[in-house]
Structure formats: C-alpha cells, structure tokens
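Okay, here's what each chain looks like letter by letter:
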Amino acid sequence: MRIHLSPTDYAILGVYVAFVIVIGGYFRRRVRGSADFLLSGRSIPAWAAGLAFLSANLGAQEVIGMGASGAKYGLMTSHFYWIGAIPAMVFLGVFMMPFYYGSRARSVPEYLRLRFDEKTRTLNAVTFAVMTIFSSGISMHALASLMKLLLGWDYNLCIALAAGIVLVYILLGGLTSAIYNEVLQFFLIIAGFAPLVIIALHAIGGWAALGAQLNAVATSHSYAPGTWTQSWSHLASANDNPMGVEWFGLAMGLGFVLSFGYWCTDFLVVQRALAARSLNAARLTPLIAAVPKMLFPALVILPGMIGIALDHTGVLPLPRTGDGSPDYNLTTPILLGKFLPNGLLGVGLTALLASFMSGMAGNVTAFNTVWTWDIYQTHLARNRPDSHYLKVGQLATVFGVGASVAAAYAARRFNNIMDLLQLVFGFVNAPLLATFLLGMFWKRATGHGAFWGLLCGTVAAAVFHGLSLSAGSHPGLKGGWLMAQLSFRSEMGQNFYMAIAAFAACFLLTIGISLATRPTRSHAELKGLVYSLTPRPTEPVGTWHARPVWVGAIVLAATLALNLIFR
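Residues numbered from 1 in each chain as written. Predicted model: local features only at pLDDT ≥ 70, side-chain atom pairs only at ≥ 80, totals over all residues. Heavy atoms only, no water.

Chemist: Hey, could you run me through the packing of helix H6 (residues 86-102) against helix H12 (residues 267-274) in this one?
Modeler: Helices that pack against each other are described as a pair by the angle of their axes relative to one another and the distance between those axes. Relative to each other, H6 and H12 sit at 70°, their axes nearing to 10 Å. The orientation of H6 with respect to H12, classified from their angle, is roughly perpendicular. Residues Met97, Tyr100 and Tyr101 of H6 touch H12, and the partners they reach there are Val270, Ala273 and Leu274. Its residues placed into classes, the contact of H6 with H12 shows 6 nonpolar, no polar and no charged. (Axes fitted to C-alpha atoms, helices over the stretch in contact; angles between N-to-C directions. Helix = DSSP H or I, 4+ residues; strand = E, 2+ residues; numbered from the N terminus. Parallel < 35°, antiparallel > 145°, perpendicular 65-115°, else oblique. Contact = heavy atoms within 4.5 Å. Nonpolar A, V, L, I, M, F, W, Y, C, P; charged D, E, K, R; others polar.)

See the structure below:
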C-alpha cells in the first residue's frame, strides 16, 4: 500500500529534519571536551533526563515493534510495559542509581571495573558495543522500510539518508543534542499517535467492536476468544496464546531477566540518568519516565491490535513477507496512512521518523562513549590529551553509524523486529544482570567470578540458541544452527527461555568461582559500590522528590491496578 503525502505533510517532515540539525548546531558550542560530547557534562535537569530516559527506548523497536507485537500477540504485549519495564525502572531509581552516579563511573562497563576488574569491564564493553550496533541497525531498517512504503524509494537509498541525518546531528551536539531531540520526540509521539488511536478506534466501532473482531482473529488461529484482548487469562500453557509462553516463562524471562537486564544495566538508558545534574535528579530520572511509560500501550500497542482486526476482515490487508505471513512491522505505518488526514498525517509520520532517529542516535551515542572510554582509552591510547579523546569519540560516531548500516540488512530477516531485539538482549543483558545483582548486593563476588560467569553466561545463550528453534523457522539466524533439539511455539518464547538459561548460568558460575577465588577489592574500596558497605544516601527532608521509595511505591501500585483491570 502506497501512502500519498500532501505538500503540507512533506513540509512538516522537512521542518522536523531541519529542526533536529539546528538543535545539534545550537549545542555544538557547549562541546568543549570529551565529557561534554559523550556525557553532557552531567548538566541535564531531572525532567529532561526522565523524558530522554523514556524516549531513548521509544525508537523503532518501541513504536513499530510494539505495534507489530500488538498485531501478532495482542494485549499480551502490554507485559513488556507493566511487568517488563515499570518494576525494573523503579528498582533502578531506588536501589541502583546511587551506585552508578555516586561512583562517578562514566559508563556501565566502568562501574564493572571499579567493582571487579579490567577484564570484566572489557568483556562487557565489547558485547555491549556489538549490541548497540544491532539495535541501531534495527531502527535503521525500520525507517528504510517505512520510507520505501511511503515514497517508493529504493531501500538502499533510504538507509543512506537515515544514516546521514543522524550522523550530522550527533557530530554537531553530541549526547546533549541527542537528549533534547529525544525530549522533542516524546511530545511528537503523543501528538501523532493519540489522534491515530482515537480516530481508528472510533472508525472500527469502539473497544467492544474491536474485541469482537479480535475474538474472530483468535478463533481463526485456533485460540480461545479473548486471547488478543486479555493479558493474563491465557498463560496456563504455551499452547494457549500466540506468544507461545506460559506464566513462568513470561514472569521469569521477561518480567525479571530481560526487563531488569535492560532497564538496570543497559548503558543506552542508564547514560541518560548519568547525565543528570545531581544524584537526586539521577534517581528521579527512571521514576519520572515510569509514569508515562504505564500509559504508552494505548499509543503503540492498540494500533497493532486494530491493524490485525482490519487485516482479518479484509478492510485493510497487511503486506505479506516472502513466506506468506503478514509483515507486522508495517501495521502502524499503514494505519497512519489509512486514518489520518493530510496535515495530521504529516505529524504522525514525523513522530515515526523521530522515533527511528532517536533509536539510532541513542544507540550510537552509547556506542561512542563505551568505545572511547572503555576500549580505546583503556587499551589502545592512555594518557592522551582530552581533545584527542573528543576526536576519537567523533570518529567512533562515524564508525557506529556505518556498522549500523550492515546490521540493518540482517534485520530484514524478521517480520517482527521486537523478536530480534529480545534475541540480542538475551545474549548481552541477561547474563549481565546476574553479574550486576551479585556485584552490587554480594560483597564476596570476585573479579574472576564475574568475568568467567559473564563469559559463560553469554556462551550459554549462544548454545541454547543453537539448540532451539521456533515453529516454522529454519536453522540459521533464528536458531537451531547447532542441532534443533528444543522447539518453541514462537520466537518470543524461545528468547525468554534463552535469557533464563543465560542468567542462570552466569549467576551460578559467578557464585561458585567467587567462593573458590580470593577477593581483589577490600571493603574500603567497595564502599559506594556494594549495597551493604554503602551508607544510605541523605536527601533534603520535606520535599516529595526526596523520597524515591514512596514515588516508586505509588508507580508500582498504579501498574498493579492496570494489570488487574486488563487481566
């Protein structure tokens, strides 16, 4: 389906592209050294850091991926928010940010050096750098697919244009430019997607009519009515829902391992909190982000559910992939073209463009920081002038964008980019979570235990992936490349259990090896890095923001209420 844009729509898109470049040029004058370029000089206010924290995750993976998952899995996709994000964001703000921010670590890998040793830091830096390249490539692929659909442009040309725009504004303003563009993107997504949801839901006849049509979708796939409109009721068995997972795999794989592994250890989001101007602002950052995060399923999942209902009735068929299955990634863009009038369509497409560019920029800024400080400065060129590291950070930005182009072509193999994203997270974040939990909350954990546990956890993920395969997939990028011994009903279910295996392997091996090796850090050196050895942070008394525990409790209570309402 070709979406036809009016001159007004093109003008809105053009104004946005020009504006993000202007923002980059404006903040260029603030870039005086590597800390300004890579970490914003730790000067960002809490409100901006909080919205950027949320928006860094609102790339193509969120806007397109969650719409695709809403079509493919229904309301069960809300678990990526209500158990797969909010609890971890609260835990990060209440318990973990004092260690990250208080240690003055410039990155997550640098915290691992302070807590454990250099080899653990290096291993994490390398695996994280690879992950950010893949994540950025996923955003780039989604944007190129969208532009090809909208304008009929060549896919390769779209990749080149997307890479060029992001490269320009990051090189100009560094992380500060990326953060304030992410704040702009947050408001654009609300302005573009709220009208889409309202208009599309009204056109389909309201929630009751949508539920009836989705019941037909469920029964056509041999599932019980309500499977696409209920979040918890069909988790007794993996055979009862399209996500192909039961309650344990969901709660442990997504709700704990992947969720806490991403929100609590992924430098892409933690970097936004580290850029805050104070410890209090850093702790508030994920808590501020959690409030709108609770409501985002209505903006990004509901369009996917509407799209699959319209596809089933034949009103708005989705494009098909090479194997004949729906290309779920195009659900949201097609709905934009169907329901939004000219002018408002331009706002909606600009919101999509902003999300893609934000996802790419967020990953590239995380990559250039880790490369510059955790790999290059540590192992290749110590004690150079700061201007040298600033130049290296800028060159790393160029390389990161270029490598993302290659990753974009790998993403073309998946009809739901969220499946690929969770696969990547399973390799990197799942074992890393075990390392961080033991490092922050068990003072006996040693550097040798952390390194070998993390390495073996990553290897365990690879072995599990090589031995498992989802239904209908062929051995290769989607698994089974060793020997397909384990079968899963869906790629998402396969990803959840791979993450559990990687976490368990790292957790158990780190404990065993730590008990068998001698600690290399004294208790004095671990002060500020381990919970039991660190005084609780003192905050000003008498202000609501001085009590993150209470703020976190309110957020968790609201999230529990949403789970009960839509169970």
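Chemist: What is the right way to read the packing of aromatic side chains from this model?
Modeler: The geometry of an aromatic ring pair comes down to the distance between the two centres and the angle between the two planes. Within this structure, the stated rule accounts for 28 aromatic pairs. Consider the rings of Phe99 and Phe441, whose centres lie 6.4 Å apart with planes at 90°: the pair is edge-to-face. Of this pair, Phe99 sits in helix H6 while Phe441 sits in helix H19 (residues 417-441), placing them 342 residues apart in sequence. The class for Phe99 is buried, based on a relative accessible area of 2%. Note on Phe464 and Phe488: the rings are 6.0 Å apart at their centroids and 45° apart in plane angle, and the pair reads as tilted. One end of the pair, Phe464, is in helix H20 (residues 447-467); the other, Phe488, is in strand S2 (residues 486-488), and 24 residues separate them in sequence. Given the relative accessible area of 15%, Phe464 is considered buried. Site record: aromatic cluster; members linked through ring pairs are Phe91, Phe95, Phe99, Phe256, Phe260, Phe441, Phe503, Phe507 and Tyr531. (Phe/Tyr/Trp six-rings, centres within 6.5 Å; stacked < 30°, edge-to-face > 60°. Buried < 20%, exposed > 50% of the residue type's maximum accessible area, 1.4 Å probe, protein only.)

Chemist: Even after reading the chapter, I still don't get unusual backbone geometry, so can you show me in this structure?
Modeler: Trans is the common state for peptide bonds, and a negative phi is the common state for residues other than glycine. Its identity as a non-glycine residue notwithstanding, Ser222 has a phi of 70°, on the positive side. By the secondary structure assignment, Ser222 is in the loop between helix H10 (207-220) and helix H11 (247-265). Residue Ser222 is classed as exposed on the basis of its relative accessible area of 68%. Even without being a glycine, Asn383 presents a positive backbone phi close to 55°. Counting through the fold element by element, Asn383 comes out in the loop between helix H17 (344-380) and helix H18 (386-410). By relative accessible area, which is 78% here, Asn383 ends up exposed.

Chemist: For this particular structure, what's the right way to read the pattern of salt bridges?
Modeler: Where charged atoms from two side chains of opposite charge approach closely, those side chains can pair. Enumeration over the complete set of coordinates arrives at 7 salt bridges. Across the salt bridge formed by Asp117 and Lys119, the nearest N and O atoms sit 2.6 Å from each other. Lys119 gets classed as partly exposed once you look at its relative accessible area, which sits at 28%. The partner of Glu182 in a salt bridge is Arg272, with the nearest N and O atoms 2.7 Å apart. Separated by 90 residues along the polypeptide, Glu182 in helix H9 (residues 155-204) and Arg272 in helix H12 bring together distant segments of the chain. Across the pair, exposure class does not vary: Glu182 and Arg272 are buried alike. Salt bridges sharing common partners tie together Glu110, Glu118, Arg121 and Asp374. (Salt bridge = Lys/Arg side-chain N within 4 Å of Asp/Glu carboxyl O.)

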